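Residues per chain are reported as follows:
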Amino acid sequence: LYGMNHRMGKLKGIEKFDGSFFGIMPKIGDTIDPQARILLETTYEAIIDAGINPQSLRGSETGVYIGFTTIGMPDGIPEEIQPDVASSIRDSFSLYPGNGKNMYPNRISYIFDFKGPSMIIDTACSSSLVALDVAITDLRLGKCEQAIVGGTHINLQPFANHMYQSGRVNSVDGISRVWDENANGFVRGETVACLFLQKKSNAKRIYATVLHSRTNIDGYKNMGMLFPSCSAQRDLMIKTYKEANVDPLEVTYFEAHGTGTKVGDVQESKAIYDAYRKGRKDPLLIGLLKSNIGHSEGASGVAAITKVIISYENKCIPANLNMKKLKSTIAEMSPPLLPVNDNLPYTPGIAGVNNFGIGGVNGHILLAPNYKESDENSLKIVDKIPRLVNLCARNEASLKELFDFIENNPNKITRDFLALITDTMKIKPSLNSTGFPNRDGNNGYEYKRHSSVLNDKTSKPVWFFFPGLGGQWPAMAKALMPIDIFANKIEECAQILKPFNVDLKYMLLTEDKNSMSTMTNKFIATTSMQIALVEVLQKLDITPDGIIGHSFGEIACAYADGCLTTEEAVLTSYWRGVITESDHKIPKGLMAAVGLSWDETKKMLPKGVHVVCDNSKDLVTIS
């Protein structure tokens, strides 16, 4: 159109949206701006990626801060409404909530039921980094417990393209030559991205830590409002690392705003040089992301942070593209400034990210990597017993993709990774979403698969059933002893029974069939197993909707309900076994052996229990 160059970075498939997953009817979903729809998706993905189930954040003080920039004309609203046509009024009104930019964060807060601050921030190209700074400040002030910080920029209409190219702000040939001698403007790009910010003490998965962030504005400039200020950017960088108590020489990597404009690149590089060069012997590695993906304007800040995180994760800084010859005015500052023009192995360290907008608003942030390294032990995901990995997904194809990723990437699947998956997959059916109906179970290194489809939106109840006699067998605890929680509880039960000359562990671990020959042994073996299994299930955060005990299984049932302690449950089972074996007759001496007098014993008996004391035979009969 109008002879414009068509080259730009484009997101693909933006017309696709699974509205029912978010509880949005198709007719409503069709009217929602693709940027708003993808923000919902990336919000969900960011939270899940952090090992958090989004449902667990419903009603929480979670803030939403979205950076975005726009020009007044291409706002997606029709030019005119026909006031005498009902459908025109209805359709036009529905376009406002679908296309209103304030709705970007508000819709996220609504869908996910977040109660914290929710705002759109527009400072032109620095919008998303300013949004990050506001979110960090609110977290520190206690205005929210965690935050979604996002940026979005998709070029849906040609108006801005025409304006930029006509004004020679865009590259005429559509090639992003950031910091290059022949740079002739920026190339437009697209980004929709969300970050999930948590306080470090609450974080399960950490890509990077924010050491500090700041923003400022150029103020009045002799060269005009749109001319970037080297001094304002320099002062911001210095204040940021001083307030963070960071030695500027510790900053080893800097992701610059660099767009490919003749003025902006020079002013920013001079600011970096003045702020970070003093005393520097090693080069300061410079990343120029817009040479790779184009300039995503209001979302460029979160895009730059994403690149830093990718560099941390892969211990490699991706190469800047299209630099044939470093611009002469910047070459004077190199070294120490060193653009990374080939993929460069990198030991993660403190990184700076810079962003500035055409109106003069600047943003700067310092990031530190997660220094925790995986080791051989972290890759031992299965030890002595099979491991169950529960997955749920939208459809069978995505379920298969999840499973294939686990099976085909053994060097990426750690204990921590599987623990995070376990937490995120604890999803209860929601009336507001069609959810994840496809379920899968994966056991051990043999990668056995079992899948099913959950058609009912209501959860089936979970009950614990504790049987009586008939469920015991030799070595019945042997396979479960590698589970520490189980083994520790069995050991506790064994110590309780030790004064009665009962070797509980022998009867639970031996293949000797005679170990279960007495009624007492059957009772205490079964009860101890049940108690230990309750401990394991509680640790897995499995809470029953109800519990049932049959026969002496009522003892463990009472333990699961919190009515009996471990000692009370085990001894109750033991004495019940002794009583049963002696035809309900107990030598009074046994009661004395456990410190109970006859009178004390009678006081402890519940209603309905009749006791006859035969002093001539020194026996107590219970019925």
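What counts as what
- Residues numbered from 1 in each chain as written.
- Predicted model: local features only at pLDDT ≥ 70, side-chain atom pairs only at ≥ 80, totals over all residues.
- Heavy atoms only, no water.
- Helix = DSSP H or I, 4+ residues; strand = E, 2+ residues; numbered from the N terminus.
- Buried < 20%, exposed > 50% of the residue type's maximum accessible area, 1.4 Å probe, protein only.
- Contact = heavy atoms within 4.5 Å.
- Areas by Shrake-Rupley, 256 points an atom, 1.4 Å probe, with all protein chains shown as cover.
- Pairing = 2+ DSSP bridges.
- Axes fitted to C-alpha atoms, helices over the stretch in contact; angles between N-to-C directions.
- Salt bridge = Lys/Arg side-chain N within 4 Å of Asp/Glu carboxyl O.
- Patch = residues over 30% accessible without salt bridge, like charges linked within 9 Å, V, L, I, M, F, W, Y side chains within 5 Å.
- Phe/Tyr/Trp six-rings, centres within 6.5 Å; stacked < 30°, edge-to-face > 60°.
- Core = buried A, V, L, I, M, F, W, Y, C linked by side-chain atoms within 4.5 Å.
- Expected span 1.5 Å × (residues − 1).
- Polar contact = N/O pair within 3.5 Å; in protein donor to acceptor, adjacent residues only side chain to side chain.

Peer 1: Any chance you could explain the overall build of the chain here in plain terms?
Peer 2: Looking only at helices and strands, the chain features 20 helices and 20 strands. Burial analysis of the chain (623 residues in total) assigns 47% to the buried set. Looking at the chain alone, contacts between residues at least 24 apart form 76% of all its contacts between residues at least 6 apart. With an accessible surface of roughly 31,900 Å², the chain has 55% of that area assigned to carbon and sulfur atoms.

Peer 1: Where do I start with the sheet that holds strand β3 (residues 146–153) in this structure?
Peer 2: Two strands in a sheet stick together by hydrogen bonds in their backbones, pointing the same way (parallel) or opposite ways (antiparallel). On the basis of which strands lie adjacent, the open sheet formed by four strands has the order β2-β1-β3-β4 and mixed pairing. At either margin of the open sheet sits one strand with a lone partner, and together these are β2 (118–121) and β4 (191–198). With direction set aside, neighbouring strand axes in the sheet form an average angle of 15°. Both β3 and β4 contribute to a ladder of eight bridges, which runs antiparallel. Across the sheet, I148 pairs through a bridge with F196, a residue of β4.

Peer 1: What's the story with the pattern of salt bridges in this structure? I'm lost.
Peer 2: Two side chains with opposite charge may pair up if their charged atoms get near one another. The full count for this structure, using the stated rule, is 21 salt bridges. Close ionic contact of E297 with R188 constitutes a salt bridge, the shortest N to O distance being 2.8 Å. Of the two residues, E297 sits in the loop between α9 (290–293) and α10 (300–314) while R188 sits in the loop between α6 (159–166) and β4, which places them 109 residues apart along the sequence. Across the pair, R188 and E297 agree in class, each one buried. Between K372 and D416 there is a salt bridge, and its shortest N-O distance comes to 3.0 Å. Linking K372 in the loop between β12 (361–369) and β13 (388–393) with D416 in helix α13 (residues 415–424), this pair joins segments that are 44 residues apart in sequence. Classification of D416 as partly exposed rests on a relative accessible area of 42%. The structure contains a network of salt bridges with shared partners spanning K270, D274 and R277.

Peer 1: What exactly am I supposed to notice about a nonpolar patch on the surface here?
Peer 2: Residues M225, L226 and I358 make up a contiguous nonpolar surface patch of about 350 Å² in total accessible area. In this fold, L226 is placed in the loop between β5 (208–217) and α7 (230–243).

Peer 1: How should I be thinking about the packing of aromatic side chains in this particular structure?
Peer 2: Centre distance and the angle of the planes are the two values used to describe a pair of aromatic rings. Counted under the stated rule, the structure contains 15 aromatic pairs. Ring centres 6.3 Å apart and planes at 70° place the aromatic pair F22 and F112 in the edge-to-face group. Residue F22 is found in the segment before α1 (26–31), and its partner F112 is found in helix α4 (residues 103–112); the two are separated by 90 residues along the sequence. Per residue, the accessibility class of F22 equals that of F112, and both read buried. What links up through ring pairs into an aromatic cluster is the set F17, F21, F22, Y44, F112 and F114.

Peer 1: For this particular structure, what's the right way to read the nonpolar core?
Peer 2: Soluble, globular proteins show a tendency: their nonpolar side chains are buried together. Of all hydrophobic cores here, the largest spans 35 residues; its most connected members are F486, L497, L504, M507, L508, I524 and Y574. Only β16 (463–466), α14 (484–497), α15 (504–509), α16 (519–539), α17 (553–560) and α18 (566–581) provide two or more residues apiece to this core. The element that contributes the greatest number of residues to this core is α16, accounting for eight residues. Not counting the four nearest positions on each side in its chain, I524 is found in contact with L497, V502, L504, M507, V570, S573 and Y574.

Peer 1: It is not clear to me how the sheet that holds strand β7 (residues 284–287) should be interpreted in this structure. Could you clarify?
Peer 2: Spatially, β5-β12-β11-β6-β7-β9 is the arrangement adopted by the six strands of the open sheet, whose pairing is mixed. The open sheet has two edge strands with one neighbour each: β5 and β9 (337–339). Taken pair by pair, the neighbouring strands of this sheet meet at an average axis angle of 25°, ignoring direction. Where β5 meets β12, nine bridges bridge the pair, whose relative direction is antiparallel. Residue H212 lies in a different strand from β12, and its bridge partner there is L366.

Peer 1: Got a minute to help me understand unusual backbone geometry in this structure?
Peer 2: For residues that are not glycine, phi is negative in most cases, and the peptide bond is trans in most cases. The omega torsion across S334 and P335 is 0°, close enough to zero to call that bond cis. With respect to the secondary-structure elements, P335 resides in the loop between α11 (328–331) and β9. Here the amide bond leading from P335 into P336 is cis, since omega sits at 10°, within 30 degrees of zero. Topologically, P336 is positioned in the loop between α11 and β9. In this structure, N245 is a non-glycine residue whose phi angle is positive, near 55°. At S551, a residue that is not glycine, the phi angle is positive and equals roughly 55°.

Peer 1: I tried to follow the pairing of strand β1 (residues 62–67) on my own but got confused; where do I start?
Peer 2: Looking along a regular strand, one sees the side chains alternate between the two faces of the sheet. Of all six residues that make up β1, six are buried, and the element is covered over most of its length. Both faces of β1 are covered, namely the face carrying T62, V64 and I66 and the face carrying G63, Y65 and G67. Where β1 meets β2, four bridges bridge the pair, whose relative direction is parallel. Note that in β2 the partner of Y65 across the bridge is M119.

Peer 1: How should I be thinking about helix α2 (residues 34–49) in this particular structure?
Peer 2: An α-helical turn contains 3.6 residues, so any two residues separated by three or four positions project in the same direction. Helix length check: α2 (16 residues) gives 22 Å between terminal C-alpha atoms against 22 Å at 1.5 Å per residue, within 8%. Among the residues of α2, those classed as buried are P34, Q35, A36, R37, I38, L39, L40, T42, T43, Y44, A46 and I47. Looking at the buried residues of α2, the elements they touch are α1, β1, α4, β3 and β4. For α2, the side-chain oxygen to backbone nitrogen distance between the N-cap and Q35 is 2.9 Å, and the N-cap itself is D33. Directly after α2, the chain includes G51, whose backbone phi takes a positive value near 85°.

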